[in-house]
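Report on the structure
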Amino acid sequence: MKVPIAWLRECVDFDATPGALAEALTMSGMEVEGIVAEKRAPDGVVAARIVAVTPHPDADRLRLCRVDDGRGEVEVVCGADNAAPGVTAPLARPGASLADGTVVRESAIRGRASAGMLCAEDELGLSDDHSGIMILPDGVRPGTPLAEVLGPPDTVLEVEVTWNRPDCLSIMGVAREVGAIFRRPVRRPDVSFAEEGGPAAALAAVRVEDPAGCPRYTARVLTGVRVAPSPWWLRRRLLQCGVRPINNVVDVTNYVLLECGHPLHAFDRERLEGRAVVVRRGRPGEIMATIDGARRKVEGLLVIADAAGPVAVAGVMGGMKSEIRPATSAVLIESARFHPPAIRAASSALGLSTESSYRFERGVDGEGVDWASRRAAALMLRTAGGSAARGVIDLYAGPPAPRRVTCRFARVRSLLGMEVPADEIVDILSALGMGVAGRTAAACEVVAPGYRPDIELEADLIEEVARLHGLDRVPAPMPACRVAPGGPDEQEARALDGLRADLAALGLSEIMNYSFVSADLLKTVPAGDPATRVELPNPVNRDQSVLRDSLLPQMAATVGRNVSRQSCDLGLFEIGRTFARKADGTTAEKTRVALGLLGRPARIGMPGRGAATGEETFLELKGLIEGLCVCRRLGPLQVESVAFPALEDGWAVALRAAGAVIGMAGLLREDIAREWRLPGPAGLAELDVAALLAGAFDVPVCRPVPLYPAVARDIALVVDESVTHARVLEAIAAGAPKELTQACLFDTFRSEGIGKDKKSLAYSLVYRAMDRTLTDEDANAYHEAVKNVLRKKLNAQIREG
Amino acid sequence: MKDEAQAACAAAADLAALEQVRVRYLGRQGLLRDITPALKTAPAEQRAELGRLANALKTALAEALAARRAALAAGAAGASGPRFDCSLPGRWHRPGTLHPVSRVIADTAAIFRTMGFTVADGPDVETGYHNFEALNTPPHHPSLDATDTFWLASGELLRTQTSPVQIRVMESRRPPVRVITPGRCYRRDTTDATHSANFHQIEGLVVDRDVSLADLKGTLAHFAHLMMGPRVKVRFRPHFFPFTEPSVEYDFSCHVCGGGGCRVCKDSGWIEIAGAGMVDPRVFMKVGYDPEEFTGFAFGMGVERMAMIKYGITDIRTLYENDVRFLEQFR
C-alpha cells in the first residue's frame with residue numbers, strides 16, 4: 001500500500017525522517033518496500049487565468065486563449081475543450097521543460113503565435129490524465145509558480161501489509177502503528193456535517209435478505225449534488241496512492257477507503273428502481289454490467305439489487321446502471337460490512353480483485369462502518385455540494401462481544417527468552433489501542449479493539465510485545481545441542497545422499513526437471529502409464545499440465561536441449577518423484593533415478609573421435625548401472641530384452657538385481673534421435689530408488705582373504721552368432737568346479753576363416769582353492785571339464801594354442 | 001682404483017656398458033668386495049682408517065655411476081629414437097557434479113545435524129488438512145485459492161510449503177522434536193527470474209520444554225555463520241504466518257557488500273532469506289501437544305534462493321534448464 005507522508009502527518013505527529021520512519025515500520029512488522037520522493041513541478045510553469053477564448057481562424061479544433069500570466073496578457077493556442085474564460089490553469093512559458101523532456105518554445109501554430117502552452121496533468125508529470133488542461137483552484141494569483149501552488153513535493157512510502165493486518169490497509173491504520181511505535185496520540189478527521197430536510201429512510205429503502213453475508217448495511221442520502229472533477233488536493237492524494245480520479249463523488253468514496261480502510265459505494269439514487277436496494281444472492285441466470293464495462297454472471301454471488309435486478313457485486317464492484325455520472329443529483333452512500341468468505345467467493349468467481357474486495361476479504365471493522373459513512377458524507381458536501389438527509393438507515397444486529405485476552409508476564413519471558421518489564425508490556429498493549437481491563441502482579445487482561453480481529457490468544461499479544469519492544473533486543477545465544485530421536489527418514493535421506501555421491505563418482509552430473517511435464521513431450525517420448533496418470537486441473541501453462549509418472553521423457557528432452565546448445569558429450573542423472581493415481585483415486589509417489597548418456601562424457605584424454613556407436617553407448621550405460629549395483633551392494637546385474645515404446649527395438653532391456661526388477665535401460669528410438677538431430681545414439685535408463693537402496697542398510701560381513709595363489713587359464717571358442725555371452729557363462733559355470741573364481745571375456749573376433757555366422761570368444765578363467773595351492777594338474781583337469789561342457793552344450797569349437 | 005673406476009664410468013657408452021662397470025666394482029664379486037677380507041686381516045690400528053677409505057670409495061663410485069646413468073638417460077632421446085612425451089593429456093574419468101539445489105540441501109542438513117537435528121520427509125501430494133487447516137490457515141485465506149495452489153481432481157493438492165511435514169512429524173512423535181525437512185513445493189506462480197512454479201524449501205522444527213524465540217535466533221544465527229561465513233549478520237523482522245506466533249522474517253547481511261549496500265541487496269545491506277516463528281498454540285492443539293507444556297520454533301527457507309545467493313546465480317530458471325555448461329561448474 002502507498003502511504004503519502006503528508007497524509008500520515010495529518011493523523012499523527014512524528015519527528016522521524018522518511019528513511020527513519022521506514023526503518024521503524026519495517027522493524028515493527030510493516031515492511032517498507034520503497035520510499036519514493038515526488039518530483040518537483042517543472043520550472044517555468046505558472047498559474048494563468050484565462051481571460052477570453054476565441055476560435056482559431058484556420059483550425060476547427062484549436063482555440064485562441066488570452067491568458068493573464070501575472071506579467072500581462074498573452075495569447076496561447078490551445079486544443080482543450082475545458083479551456084474557458086475564468087479558469088485558472090498551468091501555463092508553461094517558453095523555455096520550460098515538460099515531463100517528457102520537451103522544451104516549450106514560442107511558436108506559430110497554424111499561423112497564430114503561441115506564447116507558451118496550457119498544460120494537462122500528464123504533460124506536467126502529475127498523472128496520466130490528458131482529458132483537458134489541468135484546472136487550478138480559483139483565486140490562485142496569476143504568475144504564481146506551479147511548484148508553489150502544488151506545495152512542496154511529498155514522499156510516498158510503499159508498505160507491505162501482512163494478511164493478518166487489514167486495519168493497516170489505510171492511512172489511519174498506518175498512523176496507529178506509527179503512534180504506537182513513537183508513543184504519540186493519533187488524530188481522527190472531523191466527520192460532523194449539517195443534515196437537512198426529511199429523514200434518509202423517506203428517500204430510500206434497504207432490505208438485507210442475507211444477514212450472514214452482510215452483518216451490517218448503512219445508507220445515507222445526499223441530494224442536490226453537482227458532479228464535477230474533484231479539487232486538486234483530493235485528486236493528488238488519490239494519484240499518490242495509485243487510484244485514478246473519476247469525479248467528486250466517486251473520488252470521495254475512494255479517498256475514505258484509503259483514509260480509514262473502509263470500502264464504500266455511491267449509487268445514483270435516481271437510477272435505483274423503486275429507490276430501494278436489497279442485499280441478496282444472485283438468482284439463476286442473472287447477469288449484470290459492472291462499471292468496467294464487463295457483463296458478469298452473478299448467480300449465487302452476494303449482490304446489491306434494486307427492483308429490476310443487481311446493481312452491484314457486493315463489496316467487489318458497482319454496476320454501470322447506477323454509477324455516478326455528470327447528471328447525477330442524488331447519491332446513496334453505502335457503507336456496509338460483508339462477510340469475508342462471501343466477498344472472496346465473488347472475487348474469485350469473477351476473477352476480479354479490487355481495492356474494495358481486497359479489504360473486505362481480509363475483514364473490516366464493523367464498528368467503523370458508520371464513521372466511514374459520515375466521513376464520506378461530510379467530504380461530499382464539501383466537494384460536490386448538496387444537502388444530506390437526516391439520519392442514516394442502519395441494519396445492524398449489534399456489535400460482537402468484546403474479545404478479552406489475558407497476557408501472563410512470565411509467559412512473555414519464557415516464550416521470548418527475554419525479560420520485558422510488566423509496565424512495558426502494559427504500556428505497549430495500551431499504545432496499540434487495547435483497553436486494559438485488569439492487571440495483577442502476574443498478568444494483565446486487555447480488550448482487543450474492533451479493528452484488530454487478529455488478536456485472539458495470549459500468543460497474539462506476546463507477538464505485539466515482541467515486535468514493539470524490538471526483536472533486535474531478543475538475545476541470540478549459541479544453540480544448546482540437545483538430541484532428539486530421529487525417524488527412518490533420516491536413514492533414507494543419508495542413503496539417498498550416498499546414491500547421489502555414487503552417481504556423481506561414476507561420472508554423471510545431476511539435473512533437476514519440474515515435476516510437471518508437457519502432454520506433447522509424452523506423445524513424442526512415451527513412458528509411464530496413461531491409465532494412472534495425474535493431470536493438473538489448473539496448470540500454469542500447457543507445457544506443465546501433467547504430473548510426471550516417469551523421469552525418462554524429460555531426461556531425453558534434456559539431452560536434446562543440450563545438443564541444440566552444442567553440448568554433445570553428456571552423462572546425466574536425475575533423482576525425482578513420480579506420481580500415479582491409486583485405485584482409491586489418491587496419488588501414489590515413487591522416487592526414481594533416471595540416467596542419460598550421449599557421446600563420451602566421462603573420458604578425458606584422447607577420448608576418440610566420431611559418434612559413439614550404439615554398442616559403445618549401450619555397454620557404457622550398462623556398465624554404469626553395473627557399477628551402481630556394485631556400489632549399492634546389489635550383486636550382479638541381469639538384463640532381459642523387452643519392448644519399450646520410447647526405446648529402440650533390440651536395444652531395450654529390463655534390469656534385474658538381487659532377485660528384483662530394478663528398472664529398464666536402452667537406446668532412445670532412432671526416429672526421435674534423428675528428429676532431434678542427436679549426433680549419435682542416446683542411452684536412457686530409469687531405476688527404482690527403493691530397489692537401489694534395498695541393500696543400503698546392510699553391513700558388509702568380512703570374509704577371509706585367499707591365502708593360496710590362483711591359476712589362470714585362457715580359452716578361446718568358436719560358436720554360432722546366436723550364442724550369447726550369458727549362455728557361455730552359464731555353460732562355464734555348469735562345467736567348472738567351485739574353484740572357478742572368475743570368468744572374464746577379453747576378446748571377440750569374427751573372420752571368414754572362422755566361418756559365416758560364427759564368432760570367436762576368448763575368456764580368461766581363474767581357479768583358486770581356499771585350502772591349498774592348486775597344481776597344474778588340478779587346473780588342467782578343471783579346464784578340460786569346462787571345455788567339454790562348452791563343446792557339448794554350445795557346440796563350441798575350442799581353439800587351442 | 002677410484003680414478004680408474006670413474007674413467008670406466010665416463011667411458012661407458014650405454015646403460016648396458018655402465019651396468020658392467022657397476023658389476024665389476026660394486027657387484028657381489030666386484031673389486032671392492034675384495035677389500036673386505038683384507039680389512040679383517042689388517043692391523044687393528046689401520047683397520048678403522050682403511051674402512052673409512054673403502055666407504056668413501058664406494059660412495060664416490062655410486063655417485064659416478066648415478067651421474068653417468070642420468071647423463072645417458074638424458075642423451076637417450078637424441079641418441080637412440082624419440083623419448084616419451086610426458087606432456088600428453090592424462091587419462092582420467094571425469095566425475096559428475098551435484099545440482100546446486102542438492103548441494104545446498106546437503107550442506108544445510110549437515111549443519112543442522114551438528115545441532116542435533118535429523119531429516120524428516122513428507123509427500124509432495126498433500127491433503128488440504130496438512131497443508132492448510134492443521135497449520136491454522138483461515139479457510140478463506142487467498143493461498144487456498146485455485147489461482148495460487150495446484151489442487152488435484154482427487155481433492156489433494158501439491159504442497160505449497162514443506163510445513164505440512166511439521167504436522168506429520170508431530171502426529172507421529174512426542175516431543176522432543178528436532179527435524180529439518182527439505183522438499184519440493186509448488187505454487188501457481190508464473191515463472192520469471194525469481195519465481196518458479198516448482199521450487200524447494202527446507203523447513204525446521206524444534207519442540208521441547210522451554211524453547212524460546214531467543215533459541216530460534218541463536219540457532220539461525222549459528223546456521224548463517226556456518227553456511228555463509230563467520231562475518232554474516234542475521235536480522236529478524238516481525239512478520240505474519242498463520243502457523244507461528246510471533247512470526248518473523250529473517251535476513252542475512254549482504255554477502256557481496258557486507259552490509260554497506262550494493263546492487264545485489266538493492267542498497268539495503270540485507271538479503272531476505274525466509275520466515276520463522278514460535279509455533280502457534282493452535283497448531284499444537286491440532287496435533288495433540290499441550291501448548292502449556294511445550295513450546296517450539298519453526299523456520300523455513302527457499303533452497304533456490306540460498307543457492308542463488310551462495311553461488312551468485314541471477315536467474316532461478318537456469319536451475320531447471322539443465323544446461324551442462326552451467327551444471328558442471330558445481331564441482
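The text that follows walks through the structure, step by step, so that each part is easy to find. Because the structure is predicted, anything quoted here is derived from the model rather than measured.

Let us now look at the overall build of chain A. Looking only at helices and strands, one finds 21 helices and 41 strands in chain A. For chain A, whose C-alpha radius of gyration is 42 Å, the value lies well above the compact-globule estimate of 28 Å for 801 residues. Along the longest, intermediate and shortest principal axes, the C-alpha atoms of chain A span 130 × 85 × 55 Å. For chain A, buried positions account for 52% of its 801 residues. If you sum the accessible surface of chain A, you get close to 35,800 Å²; carbon and sulfur atoms cover 52% of it. When the 95 basic and 105 acidic side-chain charges of chain A are each reduced to a single mean position, those positions are 1 Å apart.

Let us look at the packing of aromatic side chains. For the coordinates displayed, the defined rule picks out 22 aromatic pairs over all chains. Considering the side-chain rings of tyrosine 289 of chain B and phenylalanine 294 of chain B, the 6.2 Å spacing of their centres and the 55 degrees angle between planes classify their relative orientation as tilted. In this pair, the class of tyrosine 289 of chain B matches that of phenylalanine 294 of chain B, namely buried. Counting every residue linked through ring pairs, the aromatic cluster contains Tyr514 and Phe516 of chain A together with Phe150, Tyr186 and Tyr320 of chain B. Here arginine 362 of chain A stacks its cationic end above the ring of tyrosine 358 of chain A, 3.6 Å away from the centre of that ring.

A few words on the sheet that holds strand E29 (residues 534-535) of chain A. Residues and elements named next belong to chain A. Spatially, the three strands line up as an open sheet ordered E28-E30-E29, and their pairing is antiparallel. Among the strands making up the open sheet, the edge pair consists of strand E28 (516-517) and E29. Here E28 pairs with strand E30 (residues 546-547) via two bridges, running antiparallel. Pairing of valine 517 across the sheet is with valine 546, part of E30.

For the rest of this paragraph, the subject is the pattern of salt bridges. All names here are of chain A. Enumeration over the complete set of coordinates arrives at 81 salt bridges over all chains. Of the charged contacts in the structure, one is a salt bridge between aspartate 520 and lysine 523, with a shortest N-O distance of 3.8 Å. A residue pair is termed a helical-turn pair when its members lie 3 or 4 positions apart in one helix, as aspartate 520 and lysine 523 do in helix H15 (residues 519-524) at three residues. Among the salt bridges present, the one from arginine 713 reaches aspartate 776, with a minimum N-O distance of 3.5 Å. With arginine 713 in strand E38 (residues 711-720) and aspartate 776 in helix H21 (residues 776-794), this residue pair connects regions lying 63 residues apart in the sequence. On the basis of relative accessibility, which here comes to 18%, the residue arginine 713 falls in the buried class. Three or more residues are tied together by salt bridges with common partners; here these are Arg165, Asp167, Glu177, Arg452, Asp454, Glu464 and Arg467.

The subject of this paragraph is the nonpolar core. Ranked by internal contacts, the top residues of the largest apolar core, which has 118 residues, are Phe516 of chain A together with Phe223, Tyr250, Ile273, Phe299 and Met301 of chain B. Among the elements that make up this core, the one with the highest residue count is helix H8 (residues 213-228) of chain B (seven residues). Apart from residues lying up to four places away in sequence, isoleucine 273 of chain B is in contact with Tyr250, Asp251, Phe252, Met301, Gly302, Arg305, Met306 and Ile309 of chain B. Within the second largest apolar cluster, 54 residues are counted, among which are Phe14, Val161, Leu234 and Cys260 of chain A.

The next thing to look at is the environment of glutamate 75 of chain A. Residues and elements named next belong to chain A. Position of glutamate 75 among the secondary structure elements: in strand E5 (residues 73-78). With 426 residues separating them in the primary sequence, glutamate 75 and alanine 501 have C-alpha atoms 83 Å apart. A polar contact is formed between the side chain of glutamate 75 and the side chain of arginine 112, at a distance of 3.3 Å.

Residue and element names in this part refer to chain A. As summarised here, the arrangement of the three strands in space is E1-E10-E2, forming an open sheet in which the pairing is antiparallel. Either end of the sheet is taken by a strand with one partner, and the two such strands are strand E1 (2-4) and strand E2 (31-37). Adjacent strand axes in the sheet meet at a mean angle of 25 degrees when their direction is disregarded. With six bridges connecting them, E2 and strand E10 (residues 155-160) associate as antiparallel partners. What sits directly across from alanine 37, in E10, is threonine 155.

Now for helix H11 (residues 409-416) of chain A. Residues and elements named next belong to chain A. When H11 is considered as a whole, its buried residues turn out to be Phe409, Arg411, Val412, Leu415 and Leu416. Looking straight down H11, one finds its buried side chains confined to an arc of 160 degrees; they lie on one side. Remark: glycine 417 follows H11 within two positions and exhibits a positive phi of approximately 70 degrees.

All names here are of chain A. As paired elements, strand E3 (residues 45-55) and strand E4 (residues 63-68) share six bridges and run antiparallel to each other. In the sheet register, proline 55 faces E4, and the bridge partner there is arginine 63. Here E4 runs beside E5; their pairing, made up of six bridges, is antiparallel. Looking across to E5, one finds that aspartate 68 is bridged to glutamate 73.

This next bit is on the interface of chain B and chain A. Residue-level contacts link 94 residues of chain B with 94 residues of chain A. Of the roughly 7,700 Å² buried at the junction of chain B and chain A (both faces included), carbon and sulfur atoms supply 55%. Summed over the shared surface of chain B and chain A, the result is ten salt bridges. Here arginine 482 of chain A makes a salt bridge to aspartate 208 of chain B, at a shortest N to O gap of 3.2 Å. For the interface between chain B and chain A, the tally reads 44 residue pairs in polar contact (both at pLDDT 80 or more).

What counts, and at which threshold
- Residues numbered from 1 in each chain as written.
- Chains lettered and ligands numbered in written order.
- Predicted model: local features only at pLDDT ≥ 70, side-chain atom pairs only at ≥ 80, totals over all residues.
- Heavy atoms only, no water.
- Helix = DSSP H or I, 4+ residues; strand = E, 2+ residues; numbered from the N terminus.
- Rg over C-alpha atoms; globule rule 2.2 N^0.38 Å.
- Buried < 20%, exposed > 50% of the residue type's maximum accessible area, 1.4 Å probe, protein only.
- Areas by Shrake-Rupley, 256 points an atom, 1.4 Å probe, with all protein chains shown as cover.
- Lys, Arg positive; Asp, Glu negative; His and termini not counted.
- Charge placed at Lys NZ, Arg CZ, Asp CG, Glu CD.
- Phe/Tyr/Trp six-rings, centres within 6.5 Å; stacked < 30°, edge-to-face > 60°.
- Lys NZ or Arg CZ within 6 Å of the ring centre and 35° of its normal.
- Pairing = 2+ DSSP bridges.
- Salt bridge = Lys/Arg side-chain N within 4 Å of Asp/Glu carboxyl O.
- Core = buried A, V, L, I, M, F, W, Y, C linked by side-chain atoms within 4.5 Å.
- Contact = heavy atoms within 4.5 Å.
- Polar contact = N/O pair within 3.5 Å; in protein donor to acceptor, adjacent residues only side chain to side chain.
- Axes fitted to C-alpha atoms, helices over the stretch in contact; angles between N-to-C directions.
- Arc of directions from axis to C-beta.
- Buried area = accessible area lost by both parts, 1.4 Å probe.

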